[in-house]
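Structure at a glance
Chain by chain, the residues:
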Amino acid sequence: MTSIGTGYDLANSIFSPDGRNFQVEYAVKAVENGGTSIGIRCKDGVVLAVEKVITSKLLKPGANKRIATIDRHLGVVYSGMVPDGRHFVDRARDEARGWRETFKTPIGTADLASRMGGYLQAHTLYQYVRPFGVTAIIAGYDSELETPVEGEVGKGPSVGAGGKVAGKKHGGPFLYMIEPSGLYWGYYGAATGKGRQSAKAELEKLDLAGGELSLEQAVKEAARIIYVAHDDNKDKEFELEMSWISGADGPTKGRHEEVPKAIREEAERLAKKALEGDDEEEEKKDDEKMEE
Amino acid sequence: MFRNNYDNDSVTFSPQGRIFQVEYAAEAVKQGSVVVGIASKTHAVLVAIKRNAEELSSYQKKLFPIDEHVGIAIAGLTSDARVLSNFMKQQCLAHRLTYGRDMPVRSLIDLIGDKAQVNTQHLGKRPYGVGLLVAGVDERGGPHLFEFQPSGMTEEMVAFAIGARSQMARTYLEKNVEKFAECGREELIAHGLKALKESLVQDRELTVENTSVGVVGVTGEGAKRVVEPFKVFDGQDVAAWIEAVADDKEGGDDAEAEAGGDAPAPAGETMEVDE
Amino acid sequence: MDHRPQNWGRPRDDVYGAYDGSYLQSSGPKQATQSPIVTGTSVIALKFKDGVVMAADNLASYGSLARFTDVPRLRSFAETSVIGFGGDVSDMQYLNRHLTDLSIDEAYAAPSSTDTTTSPGAGTLNAANLHKYLQKLLYSRRNNFDPLWNQILVAGLDSSEAPFLASVDMRGTAFTSPSLATGFGAALAQPIMRRYAETDEQAAQLSREEAVKIIKECMKVLYYRDARSLDKYSLAVVTKAGVEISEDEQLEQQSWAFAERIKGYGTQTV
């Protein structure tokens, strides 16, 4: 941060002589201190997970959710400044609602990512606002089914216009991550927040691009990765929150839902076990070294 | 005082990713007198210390009813609190008019959280200089207690305290946090007042002048659901509760307070006259 | 060439006179919906011991033409309520989208389905809340002189988990009764339903099977006598356990023998 004090970092939308927008970089710092969030896109769904560090014993356990539903098939988790994250969620819900109003169909995950990327980018352009202090992960499962022109009441024409191309595959699981700059990419596995480095390392081991991991496995991996990422921050207790989205024939029937308690607890049990196993191995190695 | 260049407005991040204006606003909350809130499975209570500006002036109110089922306790700038309080009242009324039901407390809290967040992201606005404890009941899990901060952060708590010297009250609450869920109305008030006492300045005591108690409750579900509407008790109405937690009656930290009966008892005999 | 598009392809003004564009003028009061276009006929509903039964046929008429024969007019809301629409079908479709948005909004804050600390459906809008909301919506629309041309029945349970049934019309008029019917049903089905359940006490004696039987009987009478009706219909039952809607009911054991005895209508010559 050699440019601190030169004055180019005091207002948003100002370029420094070497072409940087410092206020956006500082916003990223706010993210880097937040609890770890991850997302996993697998062959039959998407999983979101977040580490919620317990800042006070007086917090009501399980009552403060950090993963939000945007539309029936869309979920968002974020790291960084929580009130900014709520603002992000509100805007995303408005976008999803607006899309339904205009096009009479749910918004696609890619379209939502694009809209929200634009919204965050706009907050880097003007001096009268500040960038968002969050990095958000958007998960969605776009329907593969032929959606009716109208909902449950009254059907559209059973033949004719509909825009479907024979043989073309539509929909599926998607995952995007948006940074405070408005930059976003699609991911197989995404991680942000304090433990993102170790989380990324774990995600890379999973061969997500290979498309072999199932949703049930992904839930267990997500729990384990949050536990691994938390390991560097061991002295503080945390709560794990997870949500998932499957296709229409999967466990959530295409909807974004919280992972059922029983499944989450089982995943946490396995995660703790895996972590203990690692520690033992490390200890063994240490012992061996000692012996040498 | 040391000044850095990053603390003049709420649209500038410091190099560490902090927003000093928001942090300073949080300091304003600590200037207000202490308020405590606790929720059990059946009730949520708010208790507060009121201050008077000078000997002959009246005491500033700390607890405000929002709707039948919600009330707030404030610490910080009272006038900012009134803006939020009016907004919350309007939202609750509009919800009641449109849907014919109590507004879910979480929905209400989210609205003021969002409102406050906007003030931390736009030049020419300032964060609210007030913290709130919001107690309410709804059909989504019975009684609730929320904390609201100037940053727009809102969290549901089992119990909490904000305002001047509130750390001592929080320590008391943390020590007893496991007990609250099963507490009845009177026990909960007693715990609240005991926590409040922890935060008092030396030589100050709870009196009928400076103590406020607010209670809201719910029992049963479905057809048998009965709501005890949020009500604030002041003056002689709190005398019995104060008496019940008086130092000489305490048998140690864990003593369960035994307040007399369900209704607030009549005035204590040693109380001073107001005028 | 005359470059003004409005003059292209028109008969010559010098021969046929200038085009009368007066109907395109927007002076004068703004006019919104003046009449329904594509319409659905009766919706009928009856309370019973544990809930409510509702039915409406699957026809959307264009005037007297039976234009669309596969338009179900009942929908569920949040798996706790049933809403039946009579009147304009495009307004019904608008309301349907609107209610879908509302149900998505509701689901944001509601406890998750896997939360065991609260009973399922607790805290979401119940039928009474929903009816109140629709009443405010329709009343405000009519006050803006842009009414939604519908008559709506809302069925489900109220906050004390008792069966709830209420109606709201395009003017925002709302009322409740143990049995309700819109459109032609108000004249033809209501008297039949009242024979069985004139009061809430009587409705509370009805079993689900009895209520369904009465409703099916009413649907048959409506098909016999209402010229804008269809023998394919939807039937919904809402109870504490949730909502069941079947959209492909068919009137059975029809007997048109009585038709012969009716004289003086239609194209009969004898």
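Residues numbered from 1 in each chain as written. Chains lettered and ligands numbered in written order. Predicted model: local features only at pLDDT ≥ 70, side-chain atom pairs only at ≥ 80, totals over all residues. Heavy atoms only, no water.

As recorded in an unreviewed UniProt entry, chain C goes by the name Proteasome subunit beta, listed as coming from Coniochaeta ligniaria NRRL 30616. The UniProt entry for chain C carries the following text under Function (unreviewed entry): "Non-catalytic component of the proteasome." (UniProt positions renumbered as here; feature names shortened; annotations may be inferred.)

The name given to chain B in an unreviewed UniProt entry is Proteasome subunit alpha type, with Coniochaeta ligniaria NRRL 30616 as the source organism. You can read under Subunit (unreviewed entry) in the UniProt record for chain B the words "The 26S proteasome consists of a 20S proteasome core and two 19S regulatory subunits."

1. Focus on the side chain of Asp-138 of chain B
Residues and elements named next belong to chain B. Looking at the secondary structure, you find Asp-138 in strand β5 (residues 130-138). Polar contacts involving the side chain of Asp-138 include one to the side chain of His-144, which spans 2.9 Å. Contact partners of Asp-138, with chain neighbours within four places excluded, come to Met-103, Pro-104, Val-105, Arg-106, His-144 and Arg-225. (Helix = DSSP H or I, 4+ residues; strand = E, 2+ residues; numbered from the N terminus. Polar contact = N/O pair within 3.5 Å; in protein donor to acceptor, adjacent residues only side chain to side chain. Contact = heavy atoms within 4.5 Å.)

2. A few points about unusual backbone geometry
For residues that are not glycine, phi is negative in most cases, and the peptide bond is trans in most cases. Residue and element names in this part refer to chain A. Notably, Ser-13 is not glycine yet its phi reads approximately 70 degrees, a positive angle. Relative to the elements of secondary structure, Ser-13 occurs in the segment before α1 (22-32). We note that Lys-253 has phi near 55 degrees; this positive angle belongs to a residue other than glycine. Tracing the chain through its elements places Lys-253 in the loop between β9 (238-246) and β10 (256-258). On the basis of relative accessibility, which here comes to 61%, the residue Lys-253 falls in the exposed class. (Buried < 20%, exposed > 50% of the residue type's maximum accessible area, 1.4 Å probe, protein only.)

3. Notes on the UniProt feature "domain: Proteasome alpha-type subunits" (unreviewed entry) in chain B
Under the UniProt annotation, the feature "domain: Proteasome alpha-type subunits" (unreviewed entry) is placed at residues 6-28 of chain B. Taken end to end, residues 6-28 of chain B has its terminal C-alpha atoms 19 Å apart, with 39% of it in helix and 0% in strand.

4. Some points on the environment of Gly-195 of chain A
Residues and elements named next belong to chain A. Relative to the assigned elements, Gly-195 resides in the loop between β8 (189-192) and α4 (196-204). A sequence separation of 33 residues divides Gly-195 from Val-228, and the C-alpha atoms of the two residues are 8.4 Å apart. If near-sequence neighbours (up to four positions away) are discounted, Gly-195 is found in contact with Thr-36 and Ala-229.

5. Considering the sheet that holds β10 of chain A
In sheet architecture, strand pairing relies on hydrogen bonds along the backbone and comes in two forms, parallel and antiparallel. Residue and element names in this part refer to chain A. The five strands lie next to each other as β8-β1-β2-β9-β10, forming an open sheet whose pairing is antiparallel. Every interior strand has two partners, whereas the edge strands, β8 and β10, have only one. Sheet twist, expressed as the average angle between the axes of neighbouring strands with direction ignored, equals 15 degrees. The pairing of β9 with β10 spans three bridges and is classified as antiparallel. In the sheet register, Trp-244 faces β10, and the bridge partner there is Glu-257. Against the sheet, α4 makes contact with β1 (37-42) and β8, and its axis sits at roughly 170 degrees relative to β8, the strand it touches most. (Pairing = 2+ DSSP bridges. Axes fitted to C-alpha atoms, helices over the stretch in contact; angles between N-to-C directions.)

6. Structural notes on the nonpolar core
If you look at the biggest cluster of nonpolar residues, it comprises 53 residues, and the most contacted ones within it are Val-36, Leu-173, Leu-193 and Val-213 of chain B. Discounting chain neighbours no more than four positions away, the residues touching Leu-173 of chain B are Leu-58 of chain A together with Val-36, Ile-38, Ala-159, Phe-160, Ala-161, Phe-180 and Ala-195 of chain B. (Core = buried A, V, L, I, M, F, W, Y, C linked by side-chain atoms within 4.5 Å.)

7. A short note on the environment of Ser-255 of chain C
All names here are of chain C. Inspection of the secondary structure assignment puts Ser-255 in the segment after β13 (242-250). You can call Ser-255 partly exposed: its relative accessible area is 39%. Separated by 111 residues in sequence, Ser-255 and Asn-144 place their C-alpha atoms 47 Å apart.

8. Comments concerning the interface of chain B and chain A
Opposite the 35 residues of chain B that make contact, chain A presents 34 residues. Interface of chain B and chain A: buried area, both sides summed, is about 2,800 Å²; carbon and sulfur atoms make up 56% of it. Viewed at the interface, chain A and chain B are joined by three salt bridges. Note that Asp-114 of chain B is salt-bridged to Arg-86 of chain A, the shortest N-O span being 3.4 Å. In this assembly, chain B and chain A are joined by 15 residue pairs in polar contact (both at pLDDT 80 or more). If you list the elements that add at least two residues to the side of chain B that touches chain A, you get α3 (105-118), β6 (142-148), β7 (154-156), β8 (159-162) and α4 (166-176) of chain B. (Buried area = accessible area lost by both parts, 1.4 Å probe. Salt bridge = Lys/Arg side-chain N within 4 Å of Asp/Glu carboxyl O.)

9. Here's the deal with the pattern of salt bridges
In the structure shown here, the tally under the stated rule is 44 salt bridges over all chains. Between Arg-224 of chain A and Glu-221 of chain A there is a salt bridge, and its shortest N-O distance comes to 2.9 Å. One end of the pair, Arg-224 of chain A, and the other, Glu-221 of chain A, are both in helix α5 (residues 215-230), three residues apart, so they sit about a helical turn from each other. Across the pair Arg-185 of chain B and Glu-228 of chain B runs a salt bridge whose closest N-O atoms are separated by 3.0 Å. Of the two residues, Arg-185 of chain B is situated in helix α5 (residues 185-198) and Glu-228 of chain B in strand β10 (residues 226-233); the sequence distance between them amounts to 43 residues. Under the relative-accessibility criterion, Arg-185 of chain B is labelled buried at 13%.

10. A closer look at a nonpolar patch on the surface
Together, Leu-125, Tyr-126 and Tyr-128 of chain A together with Leu-123 of chain B make up an exposed nonpolar region whose accessible area comes to about 400 Å². With respect to the helices, strands and loops of the structure, Tyr-128 of chain A is situated in the loop between α3 (109-122) and β5 (134-142). (Patch = residues over 30% accessible without salt bridge, like charges linked within 9 Å, V, L, I, M, F, W, Y side chains within 5 Å. Areas by Shrake-Rupley, 256 points an atom, 1.4 Å probe, with all protein chains shown as cover.)

11. Here's the deal with the side chain of Gln-190 of chain C
Within the element layout of this structure, Gln-190 of chain C appears in helix α5 (residues 190-196). Every residue in contact with Gln-190 of chain C, bar those within four places of it in the chain, is listed here: Ser-179, Leu-180, Ala-181 and Gly-185 of chain C.

12. Quick word on α4 of chain A
All names here are of chain A. Along α4, the residues that are buried comprise Arg-196, Ala-199, Glu-202 and Leu-203. Seen end-on, α4 carries its buried residues on one side only, within an arc spanning 125 degrees. Exposed and facing more than 90 degrees away from the buried side of α4 are Gln-197 and Glu-204. Those residues of α4 that are buried lie in contact with α1, β1, β8 and α5. (Arc of directions from axis to C-beta.)

13. Concerning the sheet that holds strand β7 (residues 184-186) of chain A
Residues and elements named next belong to chain A. On the basis of which strands lie adjacent, the open sheet formed by five strands has the order β3-β4-β5-β6-β7 and antiparallel pairing. The open sheet has two edge strands with one neighbour each: β3 (68-71) and β7. Between one strand axis and the next, the sheet turns through 25 degrees on average, direction left out of account. Taken together, the seven bridges between strand β4 (residues 74-80) and β5 define a ladder with antiparallel strand orientation. The partner of Gly-75 across the bridge, within β5, is Ala-139.

14. Looking at the pairing of β8 of chain B
Residues and elements named next belong to chain B. Side chains of β8 alternate between two faces, with Ala-159 and Ala-161 and Phe-160 and Ile-162 buried alike. Of the strand pairs in this sheet, strand β1 (residues 35-39) and β8 are connected by four bridges, and their pairing is antiparallel. Across the sheet, the residue bridging to Ile-38 is Ala-159, located in β8.

15. Some remarks on the packing of helix α2 (residues 89-109) of chain C against helix α3 (residues 127-143) of chain C
All names here are of chain C. Packing of α2 against α3 brings their axes to within 13 Å, and their N-to-C directions diverge by 130 degrees. For the element pair α2 / α3, the angle class is oblique. Note that α2 runs across α3; the crossing there is right-handed. Each of Tyr-94, Leu-95, His-98, Leu-99 and Leu-102 in α2 lies in contact with α3, whose residues at this interface are Leu-130, Tyr-133, Leu-134, Leu-137, Leu-138 and Arg-141. For the contact of α2 with α3, the per-class residue count stands at nine nonpolar, one polar and one charged. (Parallel < 35°, antiparallel > 145°, perpendicular 65-115°, else oblique. Left-handed = near helix turned anticlockwise from the far one by under 90°. Nonpolar A, V, L, I, M, F, W, Y, C, P; charged D, E, K, R; others polar.)

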